[in-house]
Amino acid sequence: TDENGRIDNWGNYGADGIVGPHHEREGSFRTIQEIWSPVHLGPAVLGPEFAGRLEVENRYDFTALDRCTFDWALARFPRPQEGRAGHAVIAQGALPGPAVAPGRSGVLTLPLPVRWREADVLYVTARNPEGHELWTWSWDWKGRGAASSQEVRGEARATFEETGDELRVLASGLVLVFDKVSGELKG
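Right, let's walk through the structure included here. (Residues numbered from 1 in each chain as written. Predicted model: local features only at pLDDT ≥ 70, side-chain atom pairs only at ≥ 80, totals over all residues. Heavy atoms only, no water.)

## Focus: the sheet that holds strand β10 (residues 174–179)
The strand order β8-β9-β10 describes an open sheet built from three strands, whose pairing is antiparallel. The sheet is open, and its two borders are formed by β8 (159–163) and β10, each paired with just one other strand. Strand-to-strand twist across the sheet, computed as the mean angle between neighbouring axes with direction ignored, equals 20°. Judged from the six bridges that link them, strand β9 (residues 166–171) and β10 form a sheet pairing that is antiparallel. If you follow Ala171 over to β10, its bridge partner there is Leu174. (Pairing = 2+ DSSP bridges. Helix = DSSP H or I, 4+ residues; strand = E, 2+ residues; numbered from the N terminus. Axes fitted to C-alpha atoms, helices over the stretch in contact; angles between N-to-C directions.)

## Brief notes about the pattern of salt bridges
The final tally for this structure, using the stated rule, is nine salt bridges. Glu166 serves as the salt-bridge partner of Lys186, at 3.1 Å between the closest nitrogen and oxygen. You can see Lys186 sitting in the segment after β10 and its partner Glu166 sitting in strand β9, a full 20 residues away along the chain. For Lys186, a relative accessible area of 43% puts it in the partly exposed group. (Salt bridge = Lys/Arg side-chain N within 4 Å of Asp/Glu carboxyl O. Buried < 20%, exposed > 50% of the residue type's maximum accessible area, 1.4 Å probe, protein only.)

Have a look at this one:
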């Protein structure tokens with residue numbers, strides 16, 4: 001308001017890639033949120049020996065992680081033939097953070113159910129002492145497409161039809177139309 005309605009691009013109000021001149025989030029906002037998160041979880045990939053224990057790093061300067069909370073959820077994704085998006089949560093919980101001092105590392109132990117590997121993904125959300133989300137990590141252990149290729153094999157037959165400038169692929173009630181010249185999906 002000090003510029004009579006003109007956008008003020010000076011100093012802390014300047015567009016810097018995190019927020020724009022109207023304080024809207026820019027493309028790198030989430031990346032910076034992840035990198036600067038005061039809590040980091042690992043490993044990057046869950047190996048076959050994983051049993052619910054995650055490495056946790058406390059990058060706070062003055063806050064122990066036992067003041068934070070962690071939410072976890074196991075979810076399943078719909079199979080290709082179901083024709084829907086999203087995921088279904090099959091188990092979830094919340095727990096206090098471990099007693100890890102600022103600048104130290106420790107272990108976060110999740111109370112996962114016995115048949116947790118039947119899920120497709122594990123989500124873990126770290127929350128600060130005020131309950132605000134810091135970051136949500138996700139891990140899958142089945143590999144991309146492993147579940148769907150097993151379930152669809154033998155059930156779906158793909159056929160195709162060529163017309164003029166289009167290629168139509170038909171499988172399990174799904175019709176995909178490609179432009180034969182550009183290769184782009186038209187419908």
